[in-house]
Amino acid sequence: AGPMAPRVGVGVGVVVVSEKCLLIGRRKGAHAAGTWALPGGWLEHGEMFEACARRELLEETGLQDADLVAGKDEVLPFVANNFGPEMSGVHSVTVFVRIHPLSPRPRVAVCEPHKCFEWKWHSLREP
């Protein structure tokens, strides 16, 4: 057998909507720097999608389980196949998980300033 082909990573994107606003962050550093994206990251071996979503949300924004509605996380019925020149050679498939905050538009922090410039609640009514 020849050398192993590069693996395709599995990412989890976290969809947090509150008061008709979506939580998005402006990326820094890695692929797609300067673009707006959902919180999220790589799925760890043996980890459930929902657990990954909550872990990434805590690591990136500081939102803890106490800030979120328990038992209502949902894996959404679509995925993204991420590959192309803007991905710097990375190929991944993203699964999306919706998480519901307890309070309206909770305060979030930039917990990984080397990866994110800022977080904002973007109105779903605006383009």
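For the structure itself, consult the block above.
Residues numbered from 1 in each chain as written. Predicted model: local features only at pLDDT ≥ 70, side-chain atom pairs only at ≥ 80, totals over all residues. Heavy atoms only, no water.

### Describing the packing of aromatic side chains
Taken as a whole and assessed by the stated rule, the structure comprises 1 aromatic pair. When the centroid spacing of 5.3 Å and the interplanar angle of 40° are considered together, the rings of phenylalanine 78 and phenylalanine 96 count as tilted. Note that phenylalanine 78 is positioned in strand 5 (residues 74-82) and phenylalanine 96 in strand 6 (residues 92-99), a separation of 18 residues in sequence. Sitting over the face of the ring of phenylalanine 117, arginine 26 holds its NZ or CZ atom 4.3 Å from the ring centroid. The cationic tip of lysine 120 hangs over the ring face of tryptophan 36; the distance from NZ or CZ to the ring centre is 4.9 Å. (Phe/Tyr/Trp six-rings, centres within 6.5 Å; stacked < 30°, edge-to-face > 60°. Helix = DSSP H or I, 4+ residues; strand = E, 2+ residues; numbered from the N terminus. Lys NZ or Arg CZ within 6 Å of the ring centre and 35° of its normal.)

### A look at unusual backbone geometry
In this model, glutamate 19 sits at a positive phi of 50°, which is unusual for a non-glycine residue. Within the secondary structure, glutamate 19 is located in the loop between strand 1 (9-18) and strand 2 (21-27). On the basis of relative accessible area, glutamate 19 is assigned to the partly exposed category, the value being 48%. Look at arginine 105: it is not a glycine, yet its phi comes out positive at around 35°. By relative accessible area, which is 41% here, arginine 105 ends up partly exposed. (Buried < 20%, exposed > 50% of the residue type's maximum accessible area, 1.4 Å probe, protein only.)

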